[in-house]
Amino acid sequence: MLEHLINGLVLGGTYALIAMGLTLQYGIARIMNLAFGDTIIVACFGTFVLFSGYQLSPLLALFVLVPAGFALSYAIFFFIMQPLVERAPHTAALEVDSILVTFGLLFVIQGILLVVFGGAYTSYSFLNTPVDLLGTTVAANRLSALVLALVLGAILIFVLFRTRWGMMLRAVALAPESAPLYGIDVTRVARYAFSIGGALAASGGVVISMYQTFTATAGVVFTMKALIVVILGGKGSVFGALVAGLILGVVETFVAAYIDPGLTLAATYTVFLGILLIRPTGLFGKGG
Amino acid sequence: MQKNNHKVSGFVRRLGGVISAVAIAVSATAAFAAEDTITIGYAVSKSGPYAGGADMTVTPNYQLWVHEINEAGGLKLPGGRQLPIEVVEYDDRSSAEEVVRAVERLATQDKVDFILPPWGTGFNLAVAPLMAKFGYPHLAGAAVTDRASDFVKRWDTSFWFMGGGRDYTSALSEILLKAREEGKINDKVAMISVADGFGIDLAKAARPDLEAAGFEIAYDKAFPPATSDFATMLNEAEATGADSFIAFTYPPHTFGLTKQAKVANYNPPVLYLGVGAGFPVYPGIAGGPVDGVMSLGGVDPNSELNVAYRARHEAVVGRAPDYWGSVLIYASLEMLAQSIERVGLDRAAVTAELSGGSFETVLGTTKLENNQLRNIWWTGQWQDGQFVAVAPTDRKGAATPMLPKADW
């Protein structure tokens, strides 16, 4: 029982880690980024290249790829999203536009990765060592995803709720139309939220590449999983993404252990439907 | 001035390039009209979830084969004439509709001389009716099916090169039975499989074989293809006390299972994994020796033909082929080339030649039985850093299975 709970939390850590970035991009920057998973894959390949080509430990690669993820997302927002943000009459229109643009972006990123790395399965071994956690053996690399999710989640929540800048982010998330009345530069805030989201995606990619096999075209799997977690947790809520990710991990593990591993996907969507029926805005979502 | 000159010469060079490109295009069209090339078309998954499999087993062998033929002056025709191969390639984006559309296009619009098959059992079944309808020989390479004999009746231009699920599972049961009789393993088996084509077929084939051999399948679960965490399944399998763990999986699962088994220090005497365990990158992904791990396929490391093939593959493609399907697919292409050499470009004659002829390939002298290749290694095992064939046990070159598996 405790064993399954721990395994579930470790699995959920991965889900939470990839979802936190998307919740910032979708909830605050209002960009429904369909290329989110592909950003994760870019970081996976980046880690793989640094590790196999330059013998750089993936944990140190974080310090290279997370700022790179931030910079790349900043550039994407500045050059591609900003024109959309400026011409969109309201946030709903922006969401539709951003879906179309990022759908295209997804194929651009995939295409580049295919040209550079080919379509092969990529995987390597790092930190694949057992760690004893309350009597349960877990893989150190998987555990690092949970730890990173909790640490980054805690930092983000602190920033969002305890700093002036975080308050601005929340204001934009809650009322993008009214925020300018208080002197908030909504586009600028959105740009930073999008970039931080990209940095989080990169951190997820670095960690995930240590234990999961990836291909140039596997990004959509991560986008889908992250989207489920984001909607379940309430869009824009970092705490929601964290909790929803962990819940999904635990549910999947319990279903695999006590019912059938074949039903994990069904269980995920059952939880998804159930929670949305009771709380249409997600666990910690505010308004529609 | 110097700089300016440079610019001018650059421009001239580019202009020259354009002119020669146009010239080549024109001559290519002219060449086509006079049948100075043989066009070979194929649709494979270059993107989407099947890209990883196609990129390992299928596409590199097509490239290697075309490269070698063209290096040698082209495909030989009866009478000694040689024509270079021109390739028409499509990405099916891992979509069954797309692969069917592409094959139809290759047959009706591109009017290619021959069509090579896509990757995967499902996709080969999807295009089989079209290939038969348009009269193209269909060399289904990366397709595992127990119903090949039925399919040959239904689509008389189809050829099957990878055997059926039952072939692989009965070879495995034989090995397990022998190990049990020698007292190396108990009579319990834990089996997991991916809930997708390959996993479903192989698990279905394995159940009656294992039960007939007197094994109790103590754990038998299927999991969705998107599964990435195997901690729980391995724990449950281990808890049954089974000495044999069998997983019919795709590469991402195979790699994930291996890593988890290492972390959990799970060392069942028999560890049999699915696609991916026979990839040359497997020991690297596992991060250490993998001796004793079994899977489908295998090679005879002492076969000179095979060693030479692997060296050529590595030299041309830049990486080693897998230890299962690659060599079979390459052999099918060699058979196609030899058929064309004997009977020319008439597709019906080529089909008849493939069906009845005898060929010298990387597998040695090869002859199809009822349009199927049967000269296949069913089970392989990692021994001293090589994935060697261990079944069929009575075939020349088979190694002895080493059980129990060495600890991680």
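Residues numbered from 1 in each chain as written. Chains lettered and ligands numbered in written order. Predicted model: local features only at pLDDT ≥ 70, side-chain atom pairs only at ≥ 80, totals over all residues.

1. Things to note about the interface of chain B and chain A
Link 1 in the chain: Listed as interface residues are 36 residues of chain B and, on the opposing side, 32 residues of chain A.
Link 2 in the chain: Where the side of chain B that touches chain A is concerned, the elements lending two or more residues are α2 (51-57), β9 (216-223), α9 (231-239), α10 (251-263) and α11 (282-286) of chain B.
Link 3 in the chain: Per-element accounting of the side of chain B that touches chain A gives the leading share, eight residues, to α10 of chain B.
Link 4 in the chain: The residue makeup of the side of chain B that touches chain A, split by class, is 17 nonpolar, twelve polar and seven charged. (Contact = placed C-beta atoms within 7 Å. Helix = DSSP H or I, 4+ residues; strand = E, 2+ residues; numbered from the N terminus. Nonpolar A, V, L, I, M, F, W, Y, C, P; charged D, E, K, R; others polar.)

2. Structural notes on the nonpolar core
Where a protein is soluble and globular, its nonpolar side chains tend to be buried together.
All names here are of chain B.
Link 1 in the chain: With 123 residues, the main nonpolar core has Val 103, Phe 161 and Tyr 330 as its most contacted residues.
Link 2 in the chain: In terms of residues, this core owes the most to one element, helix α13 (residues 325-343), which gives nine residues.
Link 3 in the chain: Excluding residues within four positions of it along the chain, Tyr 330 makes contact with Asn 61, Leu 64, Trp 65, Tyr 309 and Val 362. (Core = buried A, V, L, I, M, F, W, Y, C linked by C-beta atoms within 7 Å. Buried ≥ 20, exposed ≤ 12 C-beta atoms within 10 Å, placed from the backbone.)

3. Notes on the sheet that holds strand β4 (residues 85-91) of chain B
All names here are of chain B.
Link 1 in the chain: The three strands lie next to each other as β4-β1-β5, forming an open sheet whose pairing is parallel. Strands at the two margins of the open sheet, each flanked by one partner only, are β4 and β5 (114-116). Across the sheet, the axes of successive neighbouring strands diverge by a mean angle of 25°, strand direction being ignored.
Link 2 in the chain: In the sheet, strand β1 (residues 38-44) pairs with β4 via seven bridges, with the strands oriented parallel. Paired with Val 44 across the two strands is Asp 91, which belongs to β4.
Link 3 in the chain: Its contacts with the sheet put helix α4 (residues 96-108) on β1, β4 and β5, and the angle it makes with β1 is roughly 170°. (Pairing = 2+ DSSP bridges. Axes fitted to C-alpha atoms, helices over the stretch in contact; angles between N-to-C directions.)

4. Some points on the confidence of the model for chain B
Residue and element names in this part refer to chain B.
Link 1 in the chain: Considering every residue of chain B, the mean pLDDT works out to 89; 91% of them sit at 70 or more.
Link 2 in the chain: In this model residues 1-34 is a low-confidence stretch, pLDDT under 50, and it forms three contacts with partners more than four residues away in sequence or in other chains.
Link 3 in the chain: Overall fold confidence for the complex sits at a pTM of 0.86, while the interface term, ipTM, reaches 0.86. (pLDDT = per-residue confidence, 0-100.)

5. What to know about the confidence of the model for chain A
Link 1 in the chain: Predicted confidence across chain A gives a mean pLDDT of 90, with 99% of residues reaching 70 or more.
Link 2 in the chain: Of all helices and strands in chain A, the one with the weakest mean pLDDT is strand β2 (residues 136-139) of chain A (87), whereas helix α2 (residues 36-54) of chain A scores best (94).

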